[in-house]
Each structure stands twice: as structure tokens, then as C-alpha cells.
Amino acid sequence: MKQFFEGPDPALPIEINQIRILIVVGIILIAGFMSADLHVIPAAIHDSYFFTRVGVQIPLCLLFLVASFHSSFKRYYYPLVTFIMVLIAYTNMWFVDLVWHKENISFAYEGTVLYSFFAMFILRLSFKYSVIYAALVSGAFVFLVGHSEVYGDHAFLNVGFVLTSLLVCLIGVLQIEQAQKKLIAANERLTELSKIDPLTELYNRRTYKALFNSLLSLHKRTNGSVCVFIVDLDHFKRYNDHYGHLAGDAIIQQQAKFLKQIFKRDSDVVARYGGEEFIIATFGNDEEYCRGLAQRIIECWHQDPYPHVQSQFGQVTCSVGWYLTNANNIDTEKDIVSKADDAMYQAKRSGRNQFMQHHE
Ligand SMILES: Nc1nc2c(ncn2[C@@H]2O[C@H](COP(=O)(O)OP(=O)(O)OP(=O)(O)O)[C@@H](O)[C@H]2O)c(=O)[nH]1
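Residues numbered from 1 in each chain as written. Predicted model: local features only at pLDDT ≥ 70, side-chain atom pairs only at ≥ 80, totals over all residues. Heavy atoms only, no water.

Caption draft 1: Focus on the pairing of strand 1 (residues 225-233). In terms of burial, strand 1 is a largely internal element, nine of the nine residues being buried. Neither face of strand 1 is open: one carries Ser225, Cys227, Phe229, Val231 and Leu233, the other Val226, Val228, Ile230 and Asp232, and all of them are buried. Where strand 1 lies against strand 4 (residues 318-326), nine bridges are found, and the strand directions are antiparallel. Its bridge partner lying in strand 4, Val228 is registered against Tyr323. Inspection of the sheet shows strand 1 paired to strand 3 (residues 277-283) by seven bridges, in the antiparallel sense. Across the sheet, Asp232 pairs through a bridge with Glu277, a residue of strand 3. (Buried < 20%, exposed > 50% of the residue type's maximum accessible area, 1.4 Å probe, protein only. Helix = DSSP H or I, 4+ residues; strand = E, 2+ residues; numbered from the N terminus. Pairing = 2+ DSSP bridges.)

Here you go:
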């Protein structure tokens, strides 16, 4: 319930508080038209007119306002708007018919168009419900004009005007809906891109942290293990200086490719942590298995060697530091990263091209 009333709701076309304000605006408009109309229509039909506005249309708006406080409002918004706006339009048509039969007066039909604008563009009916609304309203208007001679010689013209207006409204709603869909897709793409490192297409550091934290709390509940590996390319500055930055980029991409081949589980989080540094978190593995993974990271570069004349190994290599513990031993992501990082620097100090485990 609390969540429902907070901020913009993705299922509603407009914020809930704006909807309420718009309903009040609708009531004020009806009241405004009523005070103007009462000056021009004959006194004999004042009661009927009053009934349509104060007895039916305004209570329908108030009903809508009250419904907006119900927890299911969001789910039934479109059918509810369609239902209420169609009833409001029907009330108007009933009155047009009544005035014609009682007083021989052709009451204005433009209200039908105005209600449609309000339903489709102000209360923002979806295209599907706009079609339903337009079909119900235009059907009733055609019936009204066919059933009584209220608009005399102008009947055909008026029907044409109402139907064309509804059609124009539908095209407008469709265009807005399509533009909105494109915008949502572009937004989703941007969000996706903001999570990924463009060079390696691995997760970036920010996404790693978010994923790690959510998986960590999951594994705390099952008292499972968590293992973090830090992978750092050896003598990479020399590689860049000798082979050029673009060749360096290709090595970073190759390292990412190797890591993706090793860490394939859905629960494995593989990310580019910084320049030539990578981080991987795996869950639910024992020590022997994790050691095997660390070994495979080192061996990748041996099985598929890339020359590096500036390195004592003559080929590209990397160093790996890893730390395995129970998920409940960790408070923050930083705790585990700094331990795996210490082990990685120990591997560097011990000569590079090797893996090292951090022990408590
Ligand atoms: N080509 C390329 N180089 C990068 C990128 N990001 C960082 N680097 C380079 O990676 C190098 C990292 O150098 P250092 O931190 O000194 O480490 P190192 O030369 O690998 O030495 P050790 O880690 O001690 O073996 C720097 O020269 C950075 O410019 C990148 O996206 N592309």
C-alpha cells in the first residue's frame, strides 16, 4: 500500500496525485459549463439539466476520485476511466435527446468531443481503451442522431464531425503511445549500457558491487561460501609501451574472454574492476574447486600464448589473488576485495604468473 502511493507508478500513465488533481479540474469544468448553460437553456429543462450534471456526472467524478484511494485502482485504471467517461458522455447524449423531445431544442453535441479529449489526452487512456471508448461513444452518437431528428439537416455533418474528431484523437493517442514505447526502449538500453564495460562487455565495477551485495545476502541465508578472485595482467604498462595501446586493449579483451569461458554459472559475477584488473565472485564452492579455478585463470595464457617480449616469461601472463570464506564472515564487499587484493599483490611480489590464496 505504502509503495503504491510513493512516486510515479510505472503502470499508471500519470502520477496518482496528478490524476486526483485532474478529476477535481474535471468537476470544476462541469460546474463551469453548468453555470453558463443554465443561463441559456429554458427554465423548463433546468431540473433535467441539473440532474445530468449534479445527479450523475459530478457523482461519477467523485466516485472516480474515491476509487483512486483503493489499492486496486492502478490495475483497473483504464477500464475505470473508459467506463466513467463513457457514462458521462452518454448522460450528455441522453440530455440532448430529452431537450429535443421536450423543447425542440438542438443542444450542443461538441461536449462529446470534449469528453473524448479529456479521456484520451488528459486522463491518458491507452490506445486499446481509447478504441473501446471511441467505438462506444461514436456508436451511441450515431444511434442518437438516427433515432431522433435533433440535428435536422446538420445530422450528417455533425456525425461526420464527431467521428472524424474521435478518429483524430485515436491517431494522436497511437502516436504518443509509439513515441513512449521508443523512449522506454531507449531508456532500457541506456540503463543496460551503464552497467557494462564497453571494452570487454563484462559488468563494470558499480554493477559488480550491486550484484555481489545481493548475492551475498542470499548466500548468508544459506550459510554458503563466497570466493573472490582478483586478476591483474603482468607488466601491462610495458606491454602497452611496446605494442601500443590498441594491442593492449586486445589483451584486456582476451583476458575477459578467458574469464567468461571459466566462469559460466549464472551466479558467477565477472567484472572489469579497473584498467587491467578484473574481479570475479563465485558462490557455494569449496577450497579445492576454487584453487582449480585460480589455476585455470593462469593456465589460459599458457594454453593460448600471446608474445610479450618485455616480460621475463616472453608471453602475456597474469597474477591472481583469491579469498574464500563463509558468506556470514563478510560485512562489506570491501572486506573481501581487500583480502583478495592482498593475495594478488603477494603473487606479484613472488614473481608474477601465479595465483595466491589469502589465509586468515
Ligand atoms: N591498453 C589499455 N591499457 C590500459 C587500460 N587501462 C589501463 N591500462 C594500462 O595498464 C597499465 C597498468 O600498469 P601498472 O598498474 O603499472 O601495472 P603493470 O605494468 O601491469 O605492472 P604489474 O601489475 O606490477 O605487473 C597502465 O599502463 C595503464 O595505462 C585500457 O583500457 N587499455
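Caption draft 2: Geometry of the nonpolar core. Core analysis: the largest hydrophobic core is formed by 57 residues, its most contacted members being Tyr77, Met85, Tyr133 and Phe141. Elements supplying a minimum of two residues to this core: helix 1 (16-40), helix 2 (46-67), helix 3 (73-103), helix 4 (110-122), helix 5 (127-147) and helix 6 (155-195). Per-element accounting of this core gives the leading share, 15 residues, to helix 3. Setting aside residues up to four positions removed in sequence, Tyr133 forms contacts with Thr82, Met85, Val86, Ala89, Thr112, Tyr115, Ser116, Ala119, Met120, Leu125 and Leu166. By size, the runner-up hydrophobic cluster in this structure holds 29 residues, among which are Val270, Ile280, Leu293 and Ile297. (Core = buried A, V, L, I, M, F, W, Y, C linked by side-chain atoms within 4.5 Å. Contact = heavy atoms within 4.5 Å.)

Caption draft 3: Region of interest: helix 6. The end-to-end C-alpha distance of helix 6, which contains 41 residues, comes to 60 Å, matching closely the 60 Å that a straight helix rising 1.5 Å per residue would cover. For helix 6, the set of buried residues is Ala155, Asn158, Val159, Val162, Ser165, Leu166, Cys169, Leu170, Gly172 and Val173. Contacts from the buried residues of helix 6 go to helix 4 and helix 5. (Expected span 1.5 Å × (residues − 1).)

Caption draft 4: Quick look at the pattern of salt bridges. By the definition in use, this model includes five salt bridges. Between Lys348 and Asp234 there is a salt bridge, with its nearest N and O atoms 2.9 Å apart. You can see Lys348 sitting in helix 11 (residues 333-349) and its partner Asp234 sitting in the loop between strand 1 and helix 8 (236-243), a full 114 residues away along the chain. Assessed through its relative accessible area of 13%, Lys348 is described here as buried. On the basis of relative accessible area, Asp234 is assigned to the buried category, the value being 1%. (Salt bridge = Lys/Arg side-chain N within 4 Å of Asp/Glu carboxyl O.)

Caption draft 5: Looking closely at the packing of aromatic side chains. This structure, assessed with the given rule, holds 20 aromatic pairs. With 6.0 Å between their ring centres and 85° between their planes, Tyr208 and Tyr273 make a pair best called edge-to-face. With Tyr208 in helix 7 (residues 205-221) and Tyr273 in strand 2 (residues 269-274), the pair connects residues that are 65 residues apart, well separated along the chain. Summarising the burial analysis for this pair, Tyr208 and Tyr273 share the class buried. What links up through ring pairs into an aromatic cluster is the set Phe64, Phe73, Tyr77, Tyr78 and Tyr129. Positioned above the aromatic ring of Phe69 is the side chain of Arg20, whose terminal nitrogen or guanidinium carbon lies 3.9 Å from the ring centre. Just above the ring of Tyr273 sits the side chain of Arg205; from NZ or CZ to the centre is 4.0 Å. (Phe/Tyr/Trp six-rings, centres within 6.5 Å; stacked < 30°, edge-to-face > 60°. Lys NZ or Arg CZ within 6 Å of the ring centre and 35° of its normal.)

Caption draft 6: Spotlight on the sheet that holds strand 4. Taken in spatial order, the five strands of this open sheet run 2-3-1-4-5, and their pairing is mixed. This sheet does not close on itself; its edge strands, each paired only once, are strand 2 and strand 5 (355-357). On average, adjacent strands in this sheet sit at an angle of 20° to one another, irrespective of strand direction. The strands that helix 11 touches are strand 1, strand 2, strand 3, strand 4 and strand 5; relative to strand 4, the one it contacts most, it runs at about 140°. (Axes fitted to C-alpha atoms, helices over the stretch in contact; angles between N-to-C directions.)

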